[in-house]
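Architecture and fold: a report
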Amino acid sequence: MSERAELAAPFYGSDRPAAAQREAFRNGEFPVAVYGLGKMGLPIAAVWGEVTGAVTGVDVDESVVDTINEGGCHVQNEPGLADAVADLVDAGSLTATTDSVQAAKDARIHVVIVPTLITEDDHPDTSVVTSVARDIARGLSPGDLVCIESTLPPRTCRDVLGPLLRYESGLDADDFGLAFCPERTSSGRALHDVRGGHPKVVGGIDDESTRAATLAYEELTSNEVIPVSDTTTAEAVKVFEGLYRDVNIALANELARFTEELEIDVREAIHVANTQPFCDIHDPGPGVGGHCIPYYPYFVLNWLETPAPLLATAREVNDATPGHIVGLLEGKLDGHGKALSGSAVVVLGLTYRAGVAETRASPAIDICRTLDARGATVYASDPMVDCEGVPATWVHPDEVGSIDADAVILATDHEEFEALDWASVPRSAVVIDTRDVLDEDRIGRDVYVVGRGD
Ligand SMILES: NC(=O)C1=CN([C@@H]2O[C@H](COP(=O)(O)OP(=O)(O)OC[C@H]3O[C@@H](n4cnc5c(N)ncnc54)[C@H](O)[C@@H]3O)[C@@H](O)[C@H]2O)C=CC1
Ligand SMILES: CC(=O)N[C@@H]1[C@@H](OP(=O)(O)OP(=O)(O)OC[C@H]2O[C@@H](n3ccc(=O)[nH]c3=O)[C@H](O)[C@@H]2O)O[C@H](C(=O)O)[C@@H](O)[C@@H]1O
């Protein structure tokens, strides 16, 4: 157990009336540590800092810590975040450190939002979360509350983190609280969402954990807080949301493959089908990227015993979509008497979706790799990231027209591409739009839109 200079009042197991505990929470009497200051962690730390005025952010990346302590913000395209961080640091409501154990010793409430990824062989990788839990345990005190916001394979809190926290801290199960409180926001609207863009789900390892976490989040969000039965239910809620999305996108991508045979605009059919309240077919695209949606199926497939063939098939469909896009291009080039091998192809976009500087599992990068493997000369243009580790030559968006391209594939619809100088792109170039964002009249050329046909 940690030796604190003076122990703050307990947050878990408090005997204060709820109103008094809420007031104390807002007065910063329960210092907070937020572990992970990335795309999600920094907005989360900002909102906790706005409400409590007493947040220490923890990150292993010294440049992240230094930037924040200077009042800077390394997370791009998050409306309001840079100003919020600057104000909070200036007010002393938010500081950052790499010393996770000391931060744990000084905190009463611990919020974990570090990455949960997958291994090379597609198994859940909870090693970062367990590493942080071990650090927290070294600073854990009776009356503390641990809130896990990183997405976890169901049963991780019950079977892994709870036992680890107890063993490493020497505390008993009823000495501290543990709750799973998933982050449900998306990059680009994080502050808005954390403040109340959607209901907050809370599931405790015991009733007191659920009570304490619910009280805290009710002070943080303008939306409702939904307590659920336990941590595993809350973990399942978050993963199920992601599974639904992966399967739905796989359906959209599979329907888009009917375009040529049916000679229809599949996107039009999807749009009209969605006028039924029960129908919400998502958008066809180049595939599914990011370190969330394409990863979450493995938090079930390669974690639980129960077979899940639909999830596996959806993963296969989405993972095959970048290759399908290259196949479409090959057919279009063939129609122009050109072979894919030896053709110069410009891929617009490398990140997994527009406006987010994240390349994990990016379909655009899979397209580059497939093109390269098929003998094409690949160029890639992205306003947020470079071609590190990608078999392509990076091109500034303003320079795309300088390439004597046989083809252009729009894979990620960054807004910067709206200003692309299409007039300088060779007239003979085949243009494939995987996002249905190019306006043929505005750019003055034919475009093959995935799911809409030519
Ligand atoms: N990105 C998203 O849209 C959403 C992500 N999530 C969950 O949040 C997790 C984190 O996502 P992002 O913030 O996007 O990741 P990120 O990669 O942007 O940021 C992760 C941060 O954690 C830091 N970190 C790594 N190991 C650490 C450690 N041991 N101690 C302290 N900090 C450490 C990294 O240096 C980095 O700054 C995801 O894995 C997912 O489970 C949930 C909802 C949305
Ligand atoms: C169920 C759900 O909507 N989850 C959201 C998702 O956000 P994320 O940033 O991963 O982006 P996303 O919009 O799901 O896109 C994921 C991938 O799927 C593609 N995509 C998305 C929607 C669509 O109709 N078609 C499509 O092809 C995107 O281009 C991207 O490559 O995952 C987040 C997460 O859990 O990290 C989650 O908080 C967000 O609410």
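What you see is a predicted model, and the numbers here were worked out from it, not measured in a lab. Every chain's residues receive numbers from 1 upward, in the order its sequence appears when written. Here chains are named by letter from A upward and ligands by number from 1 upward, in the order in which they appear as written. Since the coordinates come from a predicted model, pLDDT governs what is reported: local features require at least 70, and pairs of side-chain atoms require 80 or more to be given and counted, while whole-chain, interface and lining totals use all residues. In computing side-chain values, all of the structure's heavy atoms are included and hydrogens and water are not.

This next bit is on the site of ligand 2. Proximity is defined per residue: any heavy atom of the residue falling within 4 Å of a molecule or strand makes that residue near it. Residues in contact with ligand 2 amount to 18 residues; listed here are only the nearest, Thr185, Arg245, Cys292, Tyr352 and Arg435. In protein, a polar contact requires one atom able to donate a hydrogen and another able to accept it; more generally it is a pair of N or O atoms within 3.5 Å, and residues adjacent in sequence count only if both atoms are side-chain atoms. Between an oxygen atom of ligand 2 and a side-chain N or O atom of Ser186, the distance comes to 3.3 Å. Between ligand 2 and Tyr296, the relevant distance is 2.8 Å, taken from an oxygen atom to a side-chain nitrogen or oxygen of the residue. Coverage of ligand 2 by the protein chains reaches 87% of its 750 Å² of free accessible surface. Classification convention: Asp, Glu, Lys, Arg as charged; Ala, Val, Leu, Ile, Met, Phe, Trp, Tyr, Cys, Pro as nonpolar; all other residues, Gly among them, as polar. Residues that form the shell around ligand 2 fall into these classes: 6 nonpolar, 5 polar and 7 charged. Segmentation of the chain into domains, including their bounds, is taken from an automatic or database domain assignment. Both of domain 1 (3–229) and domain 2 (230–454) provide at least three residues apiece to the shell around ligand 2. The accessible surface values rely on the Shrake-Rupley method and a 1.4 Å probe; as for residues, cover is taken only from the protein chains in view.

In this section: the site of ligand 1. Within the structure, ligand 1 sits among 25 residues, and Lys39, Met40, Asp59, Thr116 and Thr151 are positioned closest to it. Interatomic distance of 2.9 Å between a backbone N/O atom of Met40 and an oxygen atom of ligand 1. A distance of 3.0 Å separates an oxygen atom of ligand 1 from a polar atom in the backbone of Thr151. Relative to its unbound accessible surface of 840 Å², ligand 1 loses 88% to contact with the protein. Of the residues in the shell around ligand 1, the class split is 11 nonpolar, 8 polar and 6 charged. When we break the shell around ligand 1 down by domain, the ones giving at least three residues each are domain 1 (3–229) and domain 2 (230–454).

A strand pair is defined by DSSP finding two or more bridges across the two strands. Only runs of H or I of at least four residues qualify as helices and only runs of E of at least two qualify as strands under DSSP, and these elements are numbered from the N terminus. Read from one edge to the other, the open sheet built from 6 strands follows the order 13-12-11-14-15-16, with strand pairing classed as parallel. Only two strands of the sheet have a single neighbouring strand rather than two, namely strand 13 (393–394) and strand 16 (448–449). One ladder, built from 4 bridges, connects strand 11 (residues 344–348) with strand 14 (residues 407–410); its direction is parallel. Residue Val345 lies in a different strand from strand 14, and its bridge partner there is Ala407. Contacts are residue-level and defined by heavy atoms, with any inter-residue pair within 4.5 Å sufficient. Only the stretch in contact is used when a helix axis is fitted, and all axes are lines through C-alpha atoms; the angle between N-to-C directions ranges over 0 to 180 degrees. In this fold helix 14 (residues 309–335) packs onto strand 11, strand 14, strand 15 (430–433) and strand 16, with an angle of close to 155° to the strand it touches most, strand 15. Where helix 15 (residues 363–373) meets the sheet, its contacts fall on strand 11, strand 12 (377–381) and strand 14, and the angle it forms with strand 11 comes to roughly 170°.

This part is about the UniProt feature "domain: UDP-glucose/GDP-mannose dehydrogenase C-terminal" (unreviewed entry) in the protein. UniProt positions are given in the numbering used here, feature names are shortened, and annotations may be inferred rather than shown by experiment. Mapped onto this numbering, the UniProt entry annotates "domain: UDP-glucose/GDP-mannose dehydrogenase C-terminal" (unreviewed entry) at residues 346–440. For residues 346–440, the helix share is 13%, the strand share is 19%, and the end-to-end C-alpha distance is 18 Å.

Now for unusual backbone geometry. Unlike most non-glycine residues, Asn77 shows phi in positive territory, near 55°. Structurally, the position occupied by Asn77 is in the loop between helix 3 (62–69) and helix 4 (81–91). Backbone geometry at Ala361 places phi at a positive 60°, although glycine is not the residue there.

As a rule of thumb, nonpolar side chains are buried together in soluble globular proteins. The set of buried Ala, Val, Leu, Ile, Met, Phe, Trp, Tyr and Cys residues whose side-chain atoms join them within 4.5 Å is what this entry labels a nonpolar core. Throughout this description, buried means an accessible area under 20% of the type-specific maximum (1.4 Å probe, protein chains only), exposed means over 50%, and partly exposed covers the range between. Core analysis: the biggest nonpolar cluster contains 45 residues, and Phe11, Phe25, Val34, Trp48, Ile68, Leu94 and Tyr217 have the highest contact counts within it. It is helix 2 (residues 41–52) that provides the largest number of residues to this core, a total of 7 residues. The contacts of Val34, once residues within four sequence positions are left out, are Gly41, Ile44, Ala45, Val55, Thr56, Gly57, Val58, Val111 and Ile113. Counting 29 residues, the second-largest nonpolar core is a separate cluster that includes Leu371, Val385, Ala407 and Val450.

Moving on: the sheet that holds strand 2 (residues 55–58). Taken together, the 8 strands give an open sheet; going across it, the order is 3-2-1-4-7-8-9-10, and neighbouring strands pair in mixed fashion. With partners counted over all chains shown, the strands left at the sheet margins are strand 3 (94–97) and strand 10 (225–228), one partner each. Across this sheet, the average inter-strand angle for adjacent strands is 25°, counted without regard to direction. As paired elements, strand 2 and strand 3 share 4 bridges and run parallel to each other. Residue pairing for strand 3: Gly57 is matched across the bridge by Ala96.

Segmenting the protein into domains produces domain 1 (3–229) and domain 2 (230–454). The C-alpha-based centres of domain 1 and domain 2 are spaced at 34 Å. Counting residues at the interface gives 33 residues for domain 1 and 26 residues for domain 2. Summed over both partners, the accessible surface that disappears when two parts come together, traced with a 1.4 Å probe, is what is meant by buried area. Roughly 2700 Å² of surface becomes buried between domain 1 and domain 2 when both sides are summed, with 64% attributable to carbon and sulfur atoms. Should a side-chain nitrogen of Lys or Arg be within 4 Å of a carboxyl oxygen of Asp or Glu, the pair is scored as a salt bridge. One can count 2 salt bridges joining domain 1 with domain 2. With its nearest N and O atoms 2.5 Å apart, the salt bridge here joins Glu241 to Arg184. Summed over the shared surface of domain 1 and domain 2, the result is 14 residue pairs in polar contact (both at pLDDT 80 or more). Elements with a contribution of two residues or more to the side of domain 1 that touches domain 2: strand 5 (117–118), helix 7 (156–169), strand 8 (177–180) and strand 9 (200–204). Residues that form the side of domain 1 that touches domain 2 fall into these classes: 15 nonpolar, 11 polar and 7 charged.

Patch definition: residues above 30% relative accessible area lacking any salt bridge, with like charges linked at up to 9 Å and the nonpolar side chains Val, Leu, Ile, Met, Phe, Trp and Tyr linked at up to 5 Å. Taken together, the side chains of Phe258, Leu262 and Ile264 present a nonpolar region at the surface, about 260 Å² in accessible area. Relative to the helices and strands, Leu262 resides in helix 11 (residues 259–262).

The subject of this paragraph is the side chain of Ser150. Structurally, the position occupied by Ser150 is in the loop between strand 7 (145–148) and helix 7. For Ser150, a relative accessible area of 2% corresponds to the buried category. Of the polar contacts made by the side chain of Ser150, one reaches the backbone oxygen of Val114; its length is 2.5 Å. Apart from the residues within four sequence positions on either side, Ser150 is in contact with Val112, Ile113, Val114, Thr116, Val129 and Phe180.

For the rest of this paragraph, the subject is the packing of helix 14 against helix 15. Put simply, helix 14 and helix 15 touch, their axes get as near as 8 Å, and they point 50° apart. For the element pair helix 14 / helix 15, the angle class is oblique. Seen from above, helix 14 lies across helix 15 with right-handed handedness. Together, Pro322, Ile325, Val326 and Leu329 of helix 14 and Pro363, Asp366, Ile367, Thr370 and Leu371 of helix 15 make up the contact between the two elements. In terms of residue class, the contact of helix 14 with helix 15 is built from 7 nonpolar, 1 polar and 1 charged. Any angle that is under 35 degrees is reported as roughly parallel, and any over 145 degrees as roughly antiparallel; angles of 65 to 115 degrees are reported as roughly perpendicular and all others as oblique. A clockwise turn of the near helix away from the far one marks a right-handed crossing, whereas an anticlockwise turn of less than a right angle marks a left-handed crossing.

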